[in-house]
Structures are given as structure tokens and as C-alpha cells.
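# Remarks on the overall topology
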Amino acid sequence: MNVPLLDLKAQHGAIRDAVVPRLMELAESQQFILGKPVQELETRIAELSRARFGVGVASGTDALLVPLKALDLKPGDEVITTPFTFFATAGAIHNAGGTPVFVDVEPRTWNIDPAAVEAAITPRTRAIMPVHLFGQMAAMERLLPLAERRGIPLVEDAAQAIGARRKVGGQWRMAGELGAVTGFSFFPSKNLGGWGDGGMVVANDQAMADRVRSLRTHGGARQYYHDEVGINSRLDALQAVVLLAKLPYLASWSAARRANAGRYARMLGGLSAVCPPVTDPANEHIFHQYVIECDRRDELLAHLKAKDIGCAVYYPLALHLQPCFRFLGYKPGAFPVAEAATGRVLALPVYPELTEAQQQYVVDTIRGFYGK
Ligand SMILES: Cc1ncc(COP(=O)(O)O)c(C=O)c1O
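The structure reproduced in this document is the subject of the present report.

Thresholds applied
Residues numbered from 1 in each chain as written. Predicted model: local features only at pLDDT ≥ 70, side-chain atom pairs only at ≥ 80, totals over all residues. Heavy atoms only, no water. Near = heavy atom within 4 Å. Polar contact = N/O pair within 3.5 Å; in protein donor to acceptor, adjacent residues only side chain to side chain. Areas by Shrake-Rupley, 256 points an atom, 1.4 Å probe, with all protein chains shown as cover. Helix = DSSP H or I, 4+ residues; strand = E, 2+ residues; numbered from the N terminus. Nonpolar A, V, L, I, M, F, W, Y, C, P; charged D, E, K, R; others polar. Disulfide = S-S within 2.5 Å. Axes fitted to C-alpha atoms, helices over the stretch in contact; angles between N-to-C directions. Parallel < 35°, antiparallel > 145°, perpendicular 65-115°, else oblique. Left-handed = near helix turned anticlockwise from the far one by under 90°. Contact = heavy atoms within 4.5 Å. Buried < 20%, exposed > 50% of the residue type's maximum accessible area, 1.4 Å probe, protein only. Pairing = 2+ DSSP bridges. Salt bridge = Lys/Arg side-chain N within 4 Å of Asp/Glu carboxyl O. Core = buried A, V, L, I, M, F, W, Y, C linked by side-chain atoms within 4.5 Å.

## Some words on the site of the ligand
The local shell around the ligand holds 15 residues, among which Thr-61, Asp-157, Gln-160, Ser-185 and Lys-190 are the closest. Asp-157 is positioned with one of its side-chain polar atoms (N or O) 2.8 Å from a nitrogen atom of the ligand. Within the contact set of the ligand, an oxygen atom lies 2.8 Å away from a side-chain nitrogen or oxygen of Gln-160. Protein contact buries 92% of the 390 Å² of open area that the ligand shows by itself. Counting residues per element, the shell around the ligand draws most heavily on helix 3 (residues 60–70), which supplies 3 residues. Here the shell around the ligand is built from residues that sort into 6 nonpolar, 7 polar and 2 charged.

Take a look at the structure:
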């Protein structure tokens with residue numbers, strides 16, 4: 001049986017009829033840059049994340065880079081983040097002119113450890129950047145007071161967590177609701193994915209939203225007049241049309257991923273070599289990825305691939321050990337939790353259309369590998 005890591009063709013059937021006529025309308029209008037579909041999507045994503053403003057940009061990477069540029073980082077300014085994330089998190093800090101300061105993650109969720117964040121704050125700290133890894137939110141209720149007390153903005157990397165929420169003080173709070181500014185990604189494999197690159201910044205502060213809007217169009221609110229040097233990072237109208245057609249399905253797709261995760265946890269019960277992902281009880285996880293911790297990870301990965309099962313390692317090398325960040329001076333052993341995770345994590349298929357029979361095949365194949 002073939003079980004891909006992700007099956008976007010299965011999803012496409014559900015939205016084809018909604019999306020194709022709107023794309024043809026757009027083709028007739030020949031209005032491809034920003035415009036009404038992008039504005040509508042900005043409003044919808046801001047509503048979803050209970051933020052006041054949305055600004056569409058060209059990728060999830062730019063949805064981090066542009067707000068960081070808006071912080072006017074000077075050489076030596078520090079942004080605290082996690083080393084166990086996709087490269088773009090730290091790449092954006094560097095490209096915005098800041099210095100990434102890594103701290104370790106918590107063992108069960110692999111989200112940034114608030115105690116380690118507190119210990120790393122210095123007079124040069126200009127932002128704290130949690131990542132809501134694999135689709136569950138970081139401990140915002142512990143990070144927010146640290147940031148607010150010192151007037152440091154929280155920049156949420158919610159690239160993997162659109163629609164995720166967390167109970168804070170007894171109330172559900174959305175990814176993007178609590179931070180000063182947040183970046184989402186619409187990379188095709190995301191829970192809400194476009195037909196190419198795309199991203200969205202959400203913010204509650206009018207000044208931040210205006211600044212991001214200006215920076216995404218070469219730093220000018222008025223065409224051909226430039227208050228500062230920005231970049232070209234606009235969301236295509238074509239992507240907005242696709243994303244608007246998919247958006248009504250997002251909650252049910254994420255619920256189906258959660259149901260699949262629950263089924264895996266039951267099927268994997270009693271297998272001591274495998275630890276299913278742990279959801280913090282405060283979180284509603286959207287399972288962008290279903291990541292197990294396992295013994296003999298690389299051998300298991302090869303075995304699953306040989307049996308036609310898609311799986312992947314997110315992430316094999318922590319960011320503080322990447323060659324490009326050697327100049328920062330971190331050594332192996334600096335962040336034991338993150339480094340241990342890089343050797344033991346494995347993402348299994350969890351996409352919404354996955355069938356019970358496919359999941360059973362994945363789990364039987366894992367059990368076969370361990371001889372259990
Ligand atoms: C945690 C995280 N941050 C940032 C990004 C960057 O998003 P994009 O690929 O849309 O540029 C991603 C995308 O994979 C991500 O997973």
C-alpha cells in the first residue's frame with residue numbers, strides 16, 4: 001500500500017469547483033497584484049486569528065522578515081528564538097539585521113522554554129520569537145509577561161499553526177491574537193496552503209500594520225514615493241483566490257488531522273520504542289505535522305520508505321549548529337533537548353484524507369520493524 005506523507009490531490013477534489021470559476025474571473029480581469037481578493041483574505045485571516053489587521057506578503061518567510069524589518073534592528077540587536085524550527089525563523093532575524101539568540105526547547109512539545117527565554121534576556125534584546133511548532137502553540141501566557149514587563153515585542157512564528165488555539169486564563173486565544181505581530185505561511189503543504197508561495201502578517205497595532213504594508217511595497221505608501229527602503233513582497237491575487245476557496249474547509253481539515261492523531265496514539269499504544277507526540281493540555285493542536293520520537297530513527301525511516309510510506313525528519317540539524325551560524329559561536333551540547341530531538345523525531349502522514357486502513361498499515365509496518 002502506498003501512503004504518501006501528504007496527498008494534496010485528494011484535497012484538490014473538494015475545492016476544484018469553487019476555485020476554478022474564480023480563477024477564470026481573475027484571468028478575465030487581468031488584475032494580478034494585490035486587489036480585492038487579497039484584501040478579502042487579509043480581512044478573513046485577521047478575523048480568524050482575532051487580530052485587527054492582516055497584510056498579505058509573498059511567503060511565510062517574508063511574513064517574519066517584514067515585521068522584523070519594521071523593528072529597525074541595529075547591528076548587535078538580539079532576537080531570542082528556538083533552534084528547533086524551520087530555517088526561515090532565524091534566517092529572517094539575520095536578514096532583518098539582528099542576531100539570533102537561541103535558547104532550548106521544552107522536552108515534550110519542543111516549543112521554546114520560557115525559563116530559558118527569561119535567562120537569555122539582555123539589554124540588547126529587541127524581540128522574542130516563539131514558534132508554534134508542528135501546530136501547537138508555545139506557552140504564550142508565560143512568554144507574554146516576560147515580554148510586556150520589559151516592553152519587548154513578541155513576534156509569533158505561526159507559519160505552522162494557522163487556526164491553532166490555546167487556553168490562557170480560562171479563555172481560548174488564537175495563534176496571532178496575543179503577539180505584537182505574527183507571520184503565517186501559505187506554503188502548499190501547510191494546513192491552509194496556496195498553489196505556490198504566500199504568507200500573511202497579522203497585527204493589532206495600526207502603526208505596525210501600516211509599516212508592514214509600506215515595507216512590502218518598497219517602503220512607500222504612495223506609488224513612486226519612498227519613505228524608506230523596503231522590499232517587493234506582495235501576495236498574488238491568484239493565491240488569494242485559491243486560499244479564499246480553501247478557507248471554509250480549514251477547521252474541518254484540522255479537525256480531521258486531530259482525529260487521525262488520536263487514532264495513531266491508540267494504535268501505537270504499548271510500543272515502548274515510539275513516543276507519540278504530546279499535546280500540551282492547554283492547546284488545541286492543528287497537527288500540521290504528526291511527529292513521533294523513536295529509537296533507531298534513521299533505520300525506521302529507511303524501512304518505512306522501503307514499504308512505500310512517506311515520512312520525513314523535521315529537523316535533522318538544530319539551527320545553532322548550522323554552518324551559516326557558526327560565526328555565532330554555539331557548540332554542540334549547548335541545547336540538549338533540541339539536539340536530542342534532531343536525532344529521534346520522525347513525521348508520519350497525518351493529512352485529513354488519510355484512511356484508517358492506511359494508518360493501520362503505517363502502524364503495522366512500524367510494529368513489524370521493532371518486532372512487536
Ligand atoms: C516554522 C516556520 N517558519 C517559517 C516558515 C517559512 O514559510 P515559507 O516556506 O512560506 O516561506 C515555515 C515554512 O515552512 C515554517 O515552518
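## Some words on the state of the cysteines
The final tally for this structure, using the stated rule, is 0 disulfides. With no disulfide of its own, Cys-294 lies closest to Cys-311 among cysteine sulfurs, the gap being 9.1 Å.

## Digging into the packing of helix 1 (residues 8–29) against helix 8 (residues 237–246)
Put simply, helix 1 and helix 8 touch, their axes get as near as 9 Å, and they point 140 degrees apart. What the angle tells us is that helix 1 and helix 8 run oblique. In the crossing of helix 1 with helix 8, the sense of the turn from one axis to the other is right-handed. Contact residues: Gln-11, Ile-15, Ala-18, Val-19, Arg-22, Leu-23 and Leu-26 in helix 1; Ala-237, Leu-238, Val-241, Val-242, Leu-244, Ala-245 and Lys-246 in helix 8. Along the lines of polarity and charge, the residues of the contact of helix 1 with helix 8 split into 11 nonpolar, 1 polar and 2 charged.

## What to know about the pairing of strand 12 (residues 290–294)
Burial within strand 12 is extensive, with 5 of its 5 residues counted as buried. Burial of strand 12 is two-sided: the residues Tyr-290, Ile-292 and Cys-294 facing one way and the residues Val-291 and Glu-293 facing the other way are all buried. The pairing of strand 10 (residues 274–275) with strand 12 spans 2 bridges and is classified as antiparallel. Of the residues in strand 12, the one forming a bridge with Cys-275 is Glu-293.

## Brief notes about the pattern of salt bridges
Evaluated as defined, the whole model comprises 21 salt bridges. A salt bridge links Asp-280 to Arg-166; the shortest N-O distance between them is 3.2 Å. With Asp-280 in the loop between strand 10 and strand 11 (283–284) and Arg-166 in strand 6 (residues 165–168), this residue pair connects regions lying 114 residues apart in the sequence. The salt bridge partner of Glu-299 is Arg-296, with a shortest N-O separation of 3.1 Å. When salt bridges with common partners are traced through the structure, they connect Arg-50, Arg-173 and Glu-177 into a single cluster.

## Some words on the sheet that holds strand 11
The strand order across the open sheet formed by 3 strands is 7-6-11, and the pairing between neighbours is antiparallel. A strand with exactly one partner marks an edge of an open sheet, and here the two such strands are strand 7 (171–174) and strand 11.

## Quick notes on the sheet that holds strand 1 (residues 53–57)
Ordered in space as 1-9-8-5, the 4 strands form an open sheet in which the pairing is mixed. Edge positions in the open sheet fall to strand 1 and strand 5 (155–157), since each of these has one partner strand only. Neighbour-to-neighbour, the strand axes of the sheet open up by a mean angle of 20 degrees, direction not taken into account. For strand 1 and strand 9 (residues 199–203), the ladder comprises 5 bridges, and the chain directions are antiparallel. When the bridges of strand 9 are listed, Val-57 appears paired with Gly-199. This element, helix 3, spans strand 1, strand 5, strand 8 (181–185) and strand 9 of the sheet and lies at about 160 degrees to strand 8.

## Examining the packing of helix 3 against helix 4 (residues 88–95)
Where helix 3 meets helix 4, the axes come as close as 9 Å, and the angle between the chain directions of the two elements is 35 degrees. As for the relative orientation of helix 3 and helix 4, their crossing is right-handed in sense. Counting all contacts with helix 3, which are made through Thr-61, Leu-64, Leu-65, Leu-68 and Lys-69, the residues of helix 4 involved are Ala-88, Thr-89, Ala-92, Ile-93 and Asn-95.

## Looking at the nonpolar core
Side chains of nonpolar character tend, in soluble globular proteins, to be buried together. Ranked by internal contacts, the top residues of the largest apolar core, which has 45 residues, are Phe-84, Leu-346 and Ile-366. For this core, the secondary structure elements donating two or more residues are helix 9 (250–267), strand 12, helix 10 (297–306), helix 11 (336–344), strand 13 (345–348) and helix 12 (356–370). Sequence-distant contacts of Leu-346, defined by excluding residues within four places in its chain, comprise Tyr-290, Val-291, Ile-292, Cys-294, Arg-297, Leu-300, Leu-301, Leu-304, Cys-311, Ala-312 and Val-313. Residues Val-38, Ile-45, Val-117 and Leu-146 belong to the second largest nonpolar core, which totals 41 residues.

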